[in-house]
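Take a look at the letters that make up each chain.
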Amino acid sequence: MRRTTWMTALVLALGATGVQAETAPAAKPTPKASKPDTGTKPSTTEGTGTSAGPETEDQKTIYALGLSVGKDLSLFALTPAEVEVLHRGMQDGLNGVTPAVKLEDYAPKIQALAKSRQAQVNANYLERAAKEPGATKLPSGVIYREVKAGQGKTPRATDTVKVHYRGTLVDGTEFDSSYGRGLPVEFPLNGVIPCWTQGVQKMKVGGKAKLTCPGSTAYGERPPQGSRIPPNAVLVFDVELVDIPGDTSQSK
C-alpha cells in the first residue's frame, strides 16, 4: 500500500468493515447496528447532531480524525447507501458485536475495491472536464482549457518556463502550490510530466489555463514519495505562464 502510517491502518480497517457488510448475506443481520450512538456511555455534550460542533479539545481532535478518515475514504466513491453500510461496520467494531463476515476474508479485497472505484471516479471526472466550455482534449487524453489568453510568446518543449500553479486531486484536495509558497517556479518544459509538456506549450506568456491530466500523463503508478497523490490519480493544475526565461523561440 501507498502509506504505512497508523492512519492507513485505520482507513483500511474502516474500509474493510464497509465492504464486509455490503457483501454479507442478508440473512444474518447484526444486532445493535440499526441504531447508532446507543452505547452505554452517555455523551458529554447534549445535542450531538450535525448542528452541534465540537467544543472540547478532545472533541475537536476526534472531529479532525473523522475529517482525515473521510478524505482518505473518498477514493472509494461510496454511495449514500454504502456509507450506511460503512457506518454499520464501524458500529459493529466499536460495540464489539459479532461481525457479519470475517474481517480476515475481506481485508485483502480493500485495495482492489479502492483501485476499481478510483478508476471509475477518474473516468467520470475526465468525461466532465472534457465537456467544460472551451475545453480541448489532446490525443494523449490531457484536457486543456484556456482560462485567460496570454499576449506573449508560446514556449517550445525545449524551453525553460517560469510558472505559478496550483495542483489538486479530483476531490479538490490541494497537494502542491507555488502560490502558497509565494514564488513562481522555473523548470525545463521537457523535464516534467507529459501533461505539463503538452499543455503548457499551448499557452502564451501572461495566460492562464486549466490542465486536467489522466494518470498516464501524470505520475502513473509511482507518485512522488511522501506526496498525497494516489497511484494513477487524475491531477488538475491551474497554471499561469509567467515568463520564458532566456527565450529564443519565435512567437506563434
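Structure: above.
The structure displayed is predicted, hence computed values, not measured ones.

**A word on the overall build of the chain**
A tally of helices and strands in the chain yields 7 helices and 7 strands. Going from the N terminus to the C terminus, the chain shows its helices and strands as α-α-α-α-α-β-β-β-β-α-β-α-β-β. Per-residue burial over the chain gives 35% buried out of 252 residues. A total of about 14900 Å² of accessible surface is found on the chain, and carbon and sulfur atoms cover 55% of it.

**Thoughts on the pattern of salt bridges**
Enumeration according to the criterion identifies 9 salt bridges in this entry. In this structure, the salt-bridge partner of E127 is K131, at a minimum N-O distance of 3.4 Å. We classify E127 as partly exposed; its relative accessible area is 45%. What makes K131 exposed here is its relative accessible area of 63%. K162 is the partner of E186 in a salt bridge, and the nearest nitrogen-oxygen pair spans 3.8 Å. You can see E186 sitting in strand β5 (residues 185–188) and its partner K162 sitting in strand β3 (residues 160–169), a full 24 residues away along the chain. You can call E186 partly exposed: its relative accessible area is 46%. Through salt bridges with shared partners, one network takes in E132, R145 and K210.

**Details of the environment of G172**
With respect to the helices and strands, G172 occurs in the loop between β3 and β4 (174–177). By relative accessible area, G172 is classed as partly exposed at 40%.

**Here we look at the pairing of strand β7 (residues 235–243)**
Pairing of β3 with β7 involves 8 bridges; the strand directions are antiparallel. Following the sheet pairing, G167 is matched in β7 by F237. In this structure, strand β6 (residues 208–213) lies alongside β7, joined through 6 bridges in antiparallel fashion. When the sheet's bridge partners are listed, K208 is paired in β7 with E240.

**What about the packing of aromatic side chains?**
One pair of aromatic rings is described through two measures. These are the centre distance and the angle between the planes. Within this structure, the stated rule accounts for 5 aromatic pairs. Taking 5.7 Å as the distance between ring centres and 90 degrees as the angle between the ring planes, the aromatic pair formed by F175 and F237 counts as edge-to-face. Placement of F175 in strand β4 and of F237 in strand β7 is noted, with a sequence separation of 62 residues between them. Owing to a relative accessible area of 4%, F237 belongs among the buried residues under this scheme. When the ring centre of Y144 is taken as origin, the NZ or CZ atom of K202, which lies over that ring, is 5.5 Å away.

**Digging into helix α5 (residues 110–130)**
Helix length check: α5 (21 residues) gives 30 Å between terminal C-alpha atoms against 30 Å at 1.5 Å per residue, within 8%. Buried within α5 we find I110, L113, A114, R117, Q118, N122, Y125 and A129. The arc enclosing the buried residues of α5, seen along the axis, measures out at 165 degrees, which places them on a common side. Away from its buried face, by an angle of more than 90 degrees, α5 presents the exposed residues A112 and K115.

Thresholds, definitions, all that
- Residues numbered from 1 in each chain as written.
- Predicted model: local features only at pLDDT ≥ 70, side-chain atom pairs only at ≥ 80, totals over all residues.
- Heavy atoms only, no water.
- Helix = DSSP H or I, 4+ residues; strand = E, 2+ residues; numbered from the N terminus.
- Buried < 20%, exposed > 50% of the residue type's maximum accessible area, 1.4 Å probe, protein only.
- Areas by Shrake-Rupley, 256 points an atom, 1.4 Å probe, with all protein chains shown as cover.
- Salt bridge = Lys/Arg side-chain N within 4 Å of Asp/Glu carboxyl O.
- Pairing = 2+ DSSP bridges.
- Phe/Tyr/Trp six-rings, centres within 6.5 Å; stacked < 30°, edge-to-face > 60°.
- Lys NZ or Arg CZ within 6 Å of the ring centre and 35° of its normal.
- Expected span 1.5 Å × (residues − 1).
- Arc of directions from axis to C-beta.

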